[in-house]
Amino acid sequence: MDIIQLSWFQLAIGFIILLIPAAIFRWYKTGLNRQMMIATIRMTLQLLFVGYYLEYLFEYDNAWINTAWIMIMVIVADFATIDRSDLKAKWALILPIFFATFLGIILINLFFLEVVIQLPTFLEAQYAIPITGMVLGNCLRSNVIGINDFYYNLKNNKERYQFYLASGATRAEALYPFFQSALKKSANPTLAAMATIGLVSLPGMITGQILSGASPMTAIQYQIMIMLAIFSGTILSVFLAIKFCNRTVFFENDMLDHSIFKD
Amino acid sequence: MIITGKNIHFSYPREPIFSGFDFSLKEGEKVVVKGESGSGKSTLFELILGFQIPDKGEVLYKNEPLKSTTLHNFRTQSAWLPQDLNFGDGTVQEVVQYPFRFKHSGNSMPKMEQIEQLFSDLGLTPETLQKTFSDLSTGQRQRVGLALCILLKKPVMLLDEPTSALDRASKEKAIKHLFSDSQRTILSTSHDPFWIDRCDRVIDLDNQI
């Protein structure tokens, strides 16, 4: 069963549906129509750009080019993480978060693409790019939650951290409870999603695969795999991001550099 | 001298605290620091523990300057009671036992009976151990913090208002526990005459030159 190809005209018709939210926003004078227009234009242009790019990427299908593209995706996610967090865009955070996310993504990709799926071509674009995109999007969200929680909790409970240090703890031992809290907070959204998936929500990956002709069971198998990848990828990247950042944001006397905070 | 501060200069942005301050503590001395609010009592503790670095001058422990390399070693010999403590959402028992799990600290885990006896001496019931730390009142938190410092049995203690949350009977028992080791050096802040009277000496920060 092949997917029905959409013409540009058909896609354009799809935009008509926006008249409904636009009318509701207007009626309630929310002032959101301008924002909706900008968001819609951005979404369309960004996706069209990615569409054209992916066409080329799939055509060349070279592991090096694919890795370079993954790196670009990680760089964008890295800056977005800092932007959405309440921390300043300092190299002391940007670089460690980049390395942590990149390392996390590569490890997860290698495991699922090469060990589980066993791709015939190394890092094949058709698999590597969408899976990276899905894992990365979730890593971004978890990194924002985890990193924010870790450093703000440490800032707000400075006495607890200092008490442990004053009692002979190493820096890692004194930071342990803060790590615990950050990991719990960042794991919660994915754990909640895993608990309700299929019952409440039908994820985009299943929808996309079924639409493009895959059998529902194959789509489900991929979805189970992607949930495992997302969960382990997010936890790994949060863990590595905090570990790596901790090497750059503390002074020699174990005190946190408060210039990382926005406020 | 066990702890010495030489020519300490320290200021927060637009707030000078110390300019050329000297102090020294003999081993076993029980000293109380007095001074107006903002005179630098808590800052002095933070300078000794290396949480703040002097702009000029140095702090020495057993004649060795406290630097990043020697700081951890000093901290294995110290205990600190700040005024405001929040150990989070764990039970009081978990909170009390946690510092005894630090591998290179030399802290040895106290027995449960020992913890319960000390709690009772400080006016805390044994049931407090099962409560969530963040549910305790400020006074109870302060007493748990003090109990923890006593259990750590360190040769150097820096205590911020150690008796402020205690009644008379508990104060006597706390002092008995803290002062039992004649080799222990205690630097404290206090407004409590009961505590001040039992210390050997007062350092007055308002009259520092």
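Criteria and cut-off values
- Residues numbered from 1 in each chain as written.
- Chains lettered and ligands numbered in written order.
- Predicted model: local features only at pLDDT ≥ 70, side-chain atom pairs only at ≥ 80, totals over all residues.
- Heavy atoms only, no water.
- Helix = DSSP H or I, 4+ residues; strand = E, 2+ residues; numbered from the N terminus.
- Buried < 20%, exposed > 50% of the residue type's maximum accessible area, 1.4 Å probe, protein only.
- Contact = heavy atoms within 4.5 Å.
- Areas by Shrake-Rupley, 256 points an atom, 1.4 Å probe, with all protein chains shown as cover.
- pLDDT = per-residue confidence, 0-100.
- 1 Å grid on protein atoms, 1.4 Å probe; cavity = no way out; pocket = protein on both sides within 12 Å on 5 of 7 lines; lining within 4 Å.
- Points joined across faces, edges and corners; volume = space filled by probe spheres on them.
- Nonpolar A, V, L, I, M, F, W, Y, C, P; charged D, E, K, R; others polar.
- Axes fitted to C-alpha atoms, helices over the stretch in contact; angles between N-to-C directions.
- Parallel < 35°, antiparallel > 145°, perpendicular 65-115°, else oblique.
- Left-handed = near helix turned anticlockwise from the far one by under 90°.
- Pairing = 2+ DSSP bridges.
- Core = buried A, V, L, I, M, F, W, Y, C linked by side-chain atoms within 4.5 Å.
- Phe/Tyr/Trp six-rings, centres within 6.5 Å; stacked < 30°, edge-to-face > 60°.
- Lys NZ or Arg CZ within 6 Å of the ring centre and 35° of its normal.
- Salt bridge = Lys/Arg side-chain N within 4 Å of Asp/Glu carboxyl O.

Caption draft 1: View of the overall build of chain A. Each helix and strand counted, chain A has 10 helices and zero strands in total. In chain A, the order of α-helices and β-strands from amino to carboxyl end is α-α-α-α-α-α-α-α-α-α. With the principal axes as the frame, chain A shows a C-alpha extent of 70 × 55 × 35 Å. Counting only residues that meet the buried cut, chain A has 42% of its 263 residues in that class. Restricting to contacts in chain A with at least 6 residues of sequence separation, those with at least 24 account for 74%. With the model as given, the accessible surface of chain A reaches about 14900 Å², and the carbon-plus-sulfur share is 68%.

Caption draft 2: Representation of the confidence of the model for chain A. When pLDDT is averaged along chain A, the result is 93, and 100% of the positions lie at 70 or above. Considering each helix and strand of chain A separately, the mean pLDDT is smallest for helix H9 (residues 204-211) of chain A, with a value of 84, and largest for helix H2 (residues 19-27) of chain A, with 97.

Caption draft 3: Quick look at the layout of surface pockets. Residue and element names in this part refer to chain A. Roughly 960 Å³ of volume is contained in the largest pocket. What lines the largest pocket is a set of 22 residues, and nearest its centre among them are Trp 8, Leu 11, Leu 47, Leu 48 and Gly 51. Secondary-structure elements contributing two or more residues to the lining of the largest pocket are helix H1 (8-14) and helix H3 (33-60). The greatest single-element share of the lining of the largest pocket, amounting to 10 residues, is contributed by H3. Residue composition of the lining of the largest pocket, by class: 15 nonpolar, six polar and one charged. Of the pockets and cavities examined, the second largest pocket occupies roughly 740 Å³.

Caption draft 4: Representation of the packing of H9 of chain A against helix H10 (residues 216-246) of chain A in the model. All names here are of chain A. Contact pair H9 / H10: the axes reach a minimum separation of 9 Å and the direction vectors enclose 150°. Classified by the interaxial angle, the pair formed by H9 and H10 is roughly antiparallel. As for the relative orientation of H9 and H10, their crossing is right-handed in sense. On H10, the residues touching Met 205, Ile 206, Gln 209 and Ile 210 of H9 are Pro 216, Thr 218, Ala 219, Ile 220, Tyr 222, Gln 223 and Ile 226. A class-by-class count of the residues in the contact of H9 with H10 yields eight nonpolar, three polar and no charged.

Caption draft 5: Structural detail: the pairing of strand S3 (residues 30-34) of chain B. Residues and elements named next belong to chain B. Among the five residues of S3, four are classified as buried, and the element is accordingly described as predominantly covered. Alignment of S3 against strand S8 (residues 185-189), held across four bridges, turns out to be parallel. Note that in S8 the partner of Lys 30 across the bridge is Ile 186.

Caption draft 6: Molecular detail of the nonpolar core. Tyr 151 of chain A together with Ile 3 of chain B are the most contacted members of the largest nonpolar core, which has 98 residues in total. Not counting residues up to four positions away in its chain, the partners in contact with Ile 3 of chain B are Phe 23, Ser 24, Leu 25, Ile 48, Val 59, Leu 60, Tyr 61, Phe 74 and Val 156 of chain B. Residues Ile 106, Leu 119, Val 135 and Ala 229 of chain A belong to the second largest nonpolar core, which totals 32 residues.

Caption draft 7: Representation of the packing of aromatic side chains within the structure. If you walk through the whole model with that rule in mind, you get 26 aromatic pairs over all chains. Between Phe 21 of chain B and Phe 23 of chain B the ring centres are 5.6 Å apart and the planes differ by 25°, which places this aromatic pair in the stacked class. Geometrically, the ring pair formed by Tyr 98 of chain B and Phe 102 of chain B is edge-to-face, given 5.1 Å between the ring centres and 90° between the ring planes. Take Tyr 98 of chain B: its relative accessible area is 16%, and that puts it in the buried class. Judged by its relative accessible area of 4%, Phe 102 of chain B falls in the buried class. An aromatic cluster is defined as three or more aromatic residues linked by ring pairs; in this entry it consists of Phe 163, Tyr 164 and Tyr 176 of chain A together with Phe 87, Tyr 98, Phe 102 and Phe 133 of chain B. Between Arg 160 of chain A and the ring centre of Phe 178 of chain A, over which it is positioned, the NZ or CZ distance is 5.8 Å.

Caption draft 8: Region of interest: the pattern of salt bridges. Counted under the stated rule, the structure contains seven salt bridges over all chains. Asp 254 of chain A is paired through a salt bridge with Arg 75 of chain B; the nearest N and O atoms lie 2.7 Å apart. Taken together, the residues span two chains, with Asp 254 of chain A in the segment after H10 and Arg 75 of chain B in helix H2 (residues 68-75). Like Arg 75 of chain B, Asp 254 of chain A is buried. Here the residues in one salt-bridge network are Arg 171 and Asp 254 of chain A together with Arg 75 of chain B, joined through shared partners.

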